[in-house]
Amino acid sequence: MTKILVVDDELDMLILIKNILKKRNYLVDVYQDPLEIVPDKLNNYDLILLDIMMPNIDGRTFCKNIRQKVDCPIIFLTAKTMEDDIVAGLASGGDDYLTKPFGINELLARVEAHLRREKREHHVALNLGDIRLDLAAHEVFINDEKVALTKAEYQLCELLARRKGQVFSREQLYEMIFGYDGTGNSAAIAEHVKNIRAKFQKHGVQPIETVWGVGYKWR
């Protein structure tokens, strides 16, 4: 069964989320303090819901500390709507975020979209000049050197690379990647593109082009 970890210092929030997810037959573990989590158990989870504002260690720092050990999607839970907080969360290794207060349907749609994405299987490689996408391993290589991308960053690269030259809006990209039926967090796509470009720049390549007023495409 799918196993989900929820970390939030608000006990009422933990109980609410746990009850919602258990009704969908997910196995759910909850913690108020992330420092109480046994690190070796983190790889047992298929998805993590992580609050940003916590007293002992904030969610961004915790995410950054565990990201190299954890391969599953991480969705931030935040009461903040400031762009800087969103940027910092995604840069620390998060895949997405939910702004409190959120509805039950929104929570379930976001969780299920990320879980569906994790179950997709790929069987070939995609070669684009100096860039190679290993579609089985979900990895990107530039001149045979692996580029450290998050799950969401890789998925965005694959989507654009598979449709080289085609332009997509931020809203379209969000819906295609995460499958969320509604007003997608297009700001998340913009920040993922920013992070990808920074990592690619170290290798001297910039395949993702901004089409002003429209969106993005792979050159």
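Let me sum up the structure you'll find in this document. The structure presented is a predicted model; accordingly, all values stated were derived computationally and were not measured.

1. Considering the sheet that holds strand β7 (residues 131–134)
Here is step 1 of the chain: With antiparallel pairing, 4 strands are arranged side by side in an open sheet as β6-β7-β8-β9. This sheet does not close on itself; its edge strands, each paired only once, are β6 (125–128) and β9 (145–147). Averaged over all neighbouring strand pairs, the angle between strand axes comes to 25 degrees, with direction disregarded.
Here is step 2 of the chain: Note that β7 and strand β8 (residues 139–142) share 4 bridges and pair antiparallel. Residue pairing in the sheet places Arg-132 in a bridge with Phe-141 of β8.

2. Considering empty space enclosed by the protein
Here is step 1 of the chain: One pass over the structure, following the stated rule, counts 2 cavities of 30 Å³ or more.
Here is step 2 of the chain: Size it by volume and the largest cavity reaches roughly 50 Å³.
Here is step 3 of the chain: In this structure, the largest cavity is lined by Arg-117, Glu-118, His-138, Lys-151, Tyr-154 and Gln-155.
Here is step 4 of the chain: Mapped by element, the contributors of at least two residues to the lining of the largest cavity are α4 (104–119) and α5 (151–162).
Here is step 5 of the chain: At 3 residues, α5 tops the list of elements feeding residues into the lining of the largest cavity.
Here is step 6 of the chain: Class assignment for the residues of the lining of the largest cavity results in 1 nonpolar, 2 polar and 3 charged.
Here is step 7 of the chain: Quantified by volume, the second largest cavity comes out at close to 40 Å³.

3. Quick notes on the packing of aromatic side chains
Here is step 1 of the chain: In total, this model carries 0 aromatic pairs according to the counting rule given.
Here is step 2 of the chain: The aromatic ring of Phe-141 is capped on one face by Arg-132, whose charged end is 4.4 Å from the ring centroid.

4. As for the pairing of strand β2 (residues 27–31)
Here is step 1 of the chain: The sheet contact formed by strand β1 (residues 3–7) and β2 spans 5 bridges and is parallel. Following the sheet pairing, Lys-3 is matched in β2 by Leu-27.
Here is step 2 of the chain: In this fold, the crossover linking β1 to β2 by way of helix α1 (residues 11–22) has right-handed handedness.

5. Focus on the pattern of salt bridges
Here is step 1 of the chain: Summed over the entire model, instances satisfying the criterion amount to 12 salt bridges.
Here is step 2 of the chain: The shortest N-O distance in the salt bridge between Asp-29 and Lys-3 comes to 3.7 Å. One end of the pair, Asp-29, is in strand β2; the other, Lys-3, is in strand β1, and 26 residues separate them in sequence.
Here is step 3 of the chain: You can call Asp-29 partly exposed: its relative accessible area is 25%.
Here is step 4 of the chain: Between Lys-199 and Glu-153 there is a salt bridge, with the nearest N and O atoms lying 2.7 Å from each other. One end of the pair, Lys-199, is in helix α7 (residues 186–201); the other, Glu-153, is in helix α5, and 46 residues separate them in sequence.
Here is step 5 of the chain: Residue Glu-153 is classed as buried on the basis of its relative accessible area, which comes to 2%.

6. Examining the nonpolar core
Here is step 1 of the chain: Ile-48, Leu-50, Ile-131, Leu-173, Phe-200 and Trp-218 are the most contacted members of the largest nonpolar core, which has 50 residues in total.
Here is step 2 of the chain: No other element matches α5, which puts 7 residues into this core.
Here is step 3 of the chain: Residues contacting Ile-48, with those up to four places away along its chain left out, are Leu-5, Ile-66, Val-70, Cys-72, Pro-73, Ile-74 and Ile-75.
Here is step 4 of the chain: Core analysis: the second largest hydrophobic core is formed by 19 residues, Ile-17, Leu-21, Leu-98 and Leu-108 among them.

7. What about the pairing of β6?
Here is step 1 of the chain: The sheet contact formed by β6 and β7 spans 4 bridges and is antiparallel. Each residue of the ladder has a partner; that of Ala-125, found in β7, is Asp-134.
Here is step 2 of the chain: As consecutive antiparallel partners, β6 and β7 are separated by 2 residues, and within that stretch Gly-129 has a phi angle of approximately 65 degrees, a positive value.

8. Considering α7
Here is step 1 of the chain: Here α7 spans 23 Å end to end across 16 residues, near enough to the 22 Å set by a 1.5 Å rise per residue.
Here is step 2 of the chain: Among the residues of α7, those classed as buried are Ser-186, Ala-188, Ile-189, Ala-190, Glu-191, His-192, Val-193, Asn-195, Ile-196 and Phe-200.

Scoring rules and cut-offs
Residues numbered from 1 in each chain as written. Predicted model: local features only at pLDDT ≥ 70, side-chain atom pairs only at ≥ 80, totals over all residues. Heavy atoms only, no water. Pairing = 2+ DSSP bridges. Helix = DSSP H or I, 4+ residues; strand = E, 2+ residues; numbered from the N terminus. Axes fitted to C-alpha atoms, helices over the stretch in contact; angles between N-to-C directions. 1 Å grid on protein atoms, 1.4 Å probe; cavity = no way out; pocket = protein on both sides within 12 Å on 5 of 7 lines; lining within 4 Å. Points joined across faces, edges and corners; volume = space filled by probe spheres on them. Nonpolar A, V, L, I, M, F, W, Y, C, P; charged D, E, K, R; others polar. Phe/Tyr/Trp six-rings, centres within 6.5 Å; stacked < 30°, edge-to-face > 60°. Lys NZ or Arg CZ within 6 Å of the ring centre and 35° of its normal. Right-handed = clockwise from strand over helix to strand, strands pointing away. Salt bridge = Lys/Arg side-chain N within 4 Å of Asp/Glu carboxyl O. Buried < 20%, exposed > 50% of the residue type's maximum accessible area, 1.4 Å probe, protein only. Core = buried A, V, L, I, M, F, W, Y, C linked by side-chain atoms within 4.5 Å. Contact = heavy atoms within 4.5 Å. Expected span 1.5 Å × (residues − 1).

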